[in-house]
Amino acid sequence: MDKRKLLHLSILWVIYGSLINRFIWSNQLITIIPDILLCILLFMEKPRKEKNNLQLYVGKPVTFIFYSILVLGIISSLISFTPITATIWGVRQFFRYGLMTYMILLYFRPRDIVWGRKLLYQSFLWNMFFVIVEFALGQVGDSMGGTFNGNGELSIYLTIIIFIAEIEYLQHRLSIQKFITVCCLCFATSILAEVKLLYILLPLTLYGGYVLLTKFNIKHLIILVIAYFSIIPVMKFALLLYYDENYVELIFDKEEMNKYLENDYGLQSGTYRLLSFNRNTCIERSSIILSQEPKTFFIGNGIGSLTQSQLFKTPLADAYYPTFYFFFTFSYVLLELGWLGFILFLLFYALIAHRFYKYYRNSKDSIIKYWSTIGLFMACVSYIFMWYNPMPYMAYYFPFILFSLCFVGIKFRKQKLSISKSTNKNDA
């Protein structure tokens, strides 16, 4: 099979593979098909340096921190005597993101970028179709995922889609009618899937896209002031179309939301004599567990040591299960990689954001602005999802496909501009 088509298949599987698990055959093997395809690609041809230079576009600091996280995790696993199968599973979980990025940079050509952009729009239509199917079947709330596996991945997808739609609209690639349709469908889906974060994040996403792609002026402040006073009433009105008044008032009551974010998740603490985590308590309570031993405090229990894999779950994962650490990225990373790994993990996304910011700041070209704006936004919003759910650590394939498309888009645009500049010089 053609290598590019194999890579296309792995990307398609990331977006649509969960449909098999949800509607046909539920098996963990389905989720690792993209990993297998990428490994096949890796062994089909030894990558040549002149074909691709990952560090040239992604940056040496990003690749260095990426490998540092893996090395730290493996060393910690060896010291903690983590079962080798669980360690391999944990390495796979993180390494696959870098491998996907590498393969896209290696094999993608300009026509593949066009394919990628079309895929985003096609996937949105299919996602909305399956959201309707799930709604008809009564699968709402956490179980609603569209073509993805639950509302955790779907929330990330919707945030990406609404941001890209706005960028396309601001650069006159998308009509106002289609842009408004995308926005309405994303908001409606967030309500049906009960992703409380999106009630506020999606409006902020729209504002962020406007700020990034338009020159600063008084309009920014006016829009911000209007949004500040109107966003909550508008969202309340929208939510009341589906939820009852008590639920809606609870969502926007600051005191109640603080209680919700700090209570014992699932109210399990008294039962298991372990403090169950929540979004605002997971770092503190993970640190309490880690502080029992200097080694675990600094480098954790090892990558894969707390995997919730059906096949490779460890005794340690079972012991800490009542804390619900696996619901939040911060606690998941802390318990596996310790504070050193946690800092490296946060730094990794900061360096990705910085890389895209340099492209954004140093170029006036609209296409480079387009790709760098998307990449910068996705890297920054990743921190919000780290707080909200475990996806940035355990299921972040789709955003890394997006990062890769951004890097490839910038790569070929810079090459085209360089060729044009050279041609103009020769003509002169």
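Please read all numbers here as calculations on a predicted model, not as lab measurements. (Residues numbered from 1 in each chain as written. Predicted model: local features only at pLDDT ≥ 70, side-chain atom pairs only at ≥ 80, totals over all residues. Heavy atoms only, no water.)

## So, the state of the cysteines
Inference 1: For the coordinates displayed, the defined rule picks out zero disulfides.
Inference 2: Take Cys 184: it sits in no disulfide, and the sulfur closest to it among the cysteines is that of Cys 183, at 6.8 Å.
Inference 3: Lacking any disulfide linkage, Cys 380 is separated from the closest cysteine sulfur, that of Cys 406, by 12 Å. (Disulfide = S-S within 2.5 Å.)

## Observations regarding helix H1 (residues 3-16)
Inference 1: The end-to-end C-alpha distance of H1, which contains 14 residues, comes to 20 Å, matching closely the 20 Å that a straight helix rising 1.5 Å per residue would cover.
Inference 2: Inspection of H1 places Arg 4, Leu 6, Leu 7, His 8, Ser 10, Ile 11, Val 14, Ile 15 and Tyr 16 among the buried residues, and these make up the whole buried set. (Helix = DSSP H or I, 4+ residues; strand = E, 2+ residues; numbered from the N terminus. Expected span 1.5 Å × (residues − 1). Buried < 20%, exposed > 50% of the residue type's maximum accessible area, 1.4 Å probe, protein only.)

## Details of the nonpolar core
Inference 1: If you look at the biggest cluster of nonpolar residues, it comprises 130 residues, and the most contacted ones within it are Leu 7 and Phe 348.
Inference 2: Ranked by the residues each element gives to this core, the list is headed by helix H18 (residues 329-362), at 15 residues.
Inference 3: In contact with Leu 7, other than residues within four places in its own chain, are Leu 38, Leu 41, Met 100, Met 103, Ile 104, Tyr 107 and Phe 108. (Core = buried A, V, L, I, M, F, W, Y, C linked by side-chain atoms within 4.5 Å. Contact = heavy atoms within 4.5 Å.)

## Observations regarding the pattern of salt bridges
Should their charged atoms come close, side chains of opposite charge can pair.
Inference 1: A complete count under the given rule lists nine salt bridges for this structure.
Inference 2: When the shortest N-O distance is used, the salt bridge between Arg 4 and Asp 112 registers 2.8 Å. Of this pair, Arg 4 sits in helix H1 while Asp 112 sits in helix H7 (residues 110-136); the two residues are 108 residues apart in sequence, bridging distant segments of the chain.
Inference 3: With a relative accessible area of 18%, Arg 4 lands in the buried category.
Inference 4: Residues Asp 35 and Arg 92 are paired through a salt bridge, measuring 2.4 Å at the closest nitrogen-oxygen approach. Placement of the pair is Asp 35 in helix H3 (residues 33-44) and Arg 92 in helix H6 (residues 84-107), with a sequence separation of 57 residues.
Inference 5: The exposure class assigned to Asp 35 is buried, which follows from its relative accessible area of 7%.
Inference 6: Connected through shared salt-bridge partners, Asp 2, Arg 4 and Asp 112 make up one network. (Salt bridge = Lys/Arg side-chain N within 4 Å of Asp/Glu carboxyl O.)

## Observations regarding the packing of H1 against H7
Inference 1: Packing of H1 against H7 brings their axes to within 12 Å, and their N-to-C directions diverge by 25°. Comparing the axis directions of H1 and H7 gives the class roughly parallel. Judged by the sense of rotation from one axis to the other, the crossing of H1 with H7 is right-handed. Where H1 abuts H7, its residues Arg 4, His 8, Ile 11, Leu 12, Ile 15 and Tyr 16 lie against Arg 111, Asp 112, Trp 115, Leu 119, Gln 122, Ser 123 and Trp 126.
Inference 2: For the contact of H1 with H7, a count of residues per class yields seven nonpolar, three polar and three charged. (Axes fitted to C-alpha atoms, helices over the stretch in contact; angles between N-to-C directions. Parallel < 35°, antiparallel > 145°, perpendicular 65-115°, else oblique. Left-handed = near helix turned anticlockwise from the far one by under 90°. Nonpolar A, V, L, I, M, F, W, Y, C, P; charged D, E, K, R; others polar.)

## As for the confidence of the model for the protein chain
Inference 1: Per-residue confidence for the protein chain gives a mean pLDDT of 88; residues scoring 70 or more make up 93%.
Inference 2: When mean pLDDT is taken per element in the protein chain, H18 scores highest with 96 and helix H14 (residues 269-272) scores lowest with 48. (pLDDT = per-residue confidence, 0-100.)

## A few points about the environment of Ile 419
Inference 1: Take Ile 419: it is sitting in helix H21 (residues 397-427).
Inference 2: The sequence separation of Ile 419 and Thr 87 amounts to 332 residues, and the corresponding C-alpha distance is 46 Å.

## As for the packing of aromatic side chains
Inference 1: Counted by the stated rule, this structure contains 48 aromatic pairs.
Inference 2: Both rings, one in Trp 387 and one in Tyr 388, keep their centres 6.2 Å apart while their planes meet at 40°; by these two values the pair is tilted.
Inference 3: The class of Tyr 388 is buried, set by a relative accessible area of 12%.
Inference 4: Between Arg 92 and the ring centre of Trp 89, over which it is positioned, the NZ or CZ distance is 3.9 Å.
Inference 5: Sitting over the ring of Tyr 388, Arg 279 keeps its end group 4.2 Å from the ring centre. (Phe/Tyr/Trp six-rings, centres within 6.5 Å; stacked < 30°, edge-to-face > 60°. Lys NZ or Arg CZ within 6 Å of the ring centre and 35° of its normal.)

## Notes on the packing of H18 against helix H19 (residues 366-388)
Inference 1: Orientation of H18 relative to H19, taken along the N-to-C sense of each, is 160°, at an axis distance of 9 Å. Our classification of the angle between H18 and H19 gives roughly antiparallel. Between H18 and H19 lies a crossing whose hand is left-handed.
Inference 2: By residue class, the composition of the contact of H18 with H19 is 20 nonpolar, five polar and one charged.

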